[in-house]
Amino acid sequence: MAPPPVQGQVGLTRRELERELAWMLRSVPENPKEFVKLFTQTVVTLMDKNNEAIARSLAQRETPSARGNG
């Protein structure tokens, strides 16, 4: 589970992105075509993970105001 967001932060922190990237690139293929495939998958995966973190952050921000209007 991700740590709570820093004040004003939306999405993953730079450190979280770097950790994810390091994990995904732990073994880099020598074949250039395979490397390009891995790099493409890595970029898309990082974007997906960041989008999920953004959605969680925005949902947490909306929840208190939604409760107050009920």
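The structure this text deals with has already been given above.
Quick summary incoming for the structure in this document.

Basis of the calculations
- Residues numbered from 1 in each chain as written.
- Predicted model: local features only at pLDDT ≥ 70, side-chain atom pairs only at ≥ 80, totals over all residues.
- Heavy atoms only, no water.
- Phe/Tyr/Trp six-rings, centres within 6.5 Å; stacked < 30°, edge-to-face > 60°.
- Helix = DSSP H or I, 4+ residues; strand = E, 2+ residues; numbered from the N terminus.
- Lys NZ or Arg CZ within 6 Å of the ring centre and 35° of its normal.
- Salt bridge = Lys/Arg side-chain N within 4 Å of Asp/Glu carboxyl O.
- Buried < 20%, exposed > 50% of the residue type's maximum accessible area, 1.4 Å probe, protein only.

Observations concerning the packing of aromatic side chains
The description of an aromatic ring pair rests on the distance of the ring centres and on the angle between the ring planes. Summed over all chains, the structure comprises one aromatic pair. Measuring from ring centre to ring centre gives 6.3 Å for Phe-35 and Phe-39, while their planes differ by 25°; the resulting arrangement is stacked. In this pair, Phe-35 and Phe-39 both sit in helix α2 (residues 32-68), four residues apart, roughly one turn of the helix. Above the face of the Trp-23 ring, Arg-26 is positioned so that its terminal group lies 4.0 Å from the ring centre.

Some remarks on the pattern of salt bridges
In the structure shown here, the tally under the stated rule is two salt bridges. A salt bridge links Glu-18 to Arg-14; the shortest N-O distance between them is 3.0 Å. In this pair, Glu-18 and Arg-14 both sit in helix α1 (residues 14-24), four residues apart, roughly one turn of the helix. According to the relative accessible area criterion, Glu-18 is partly exposed, its value standing at 43%. A relative accessible area of 66% places Arg-14 in the exposed class.

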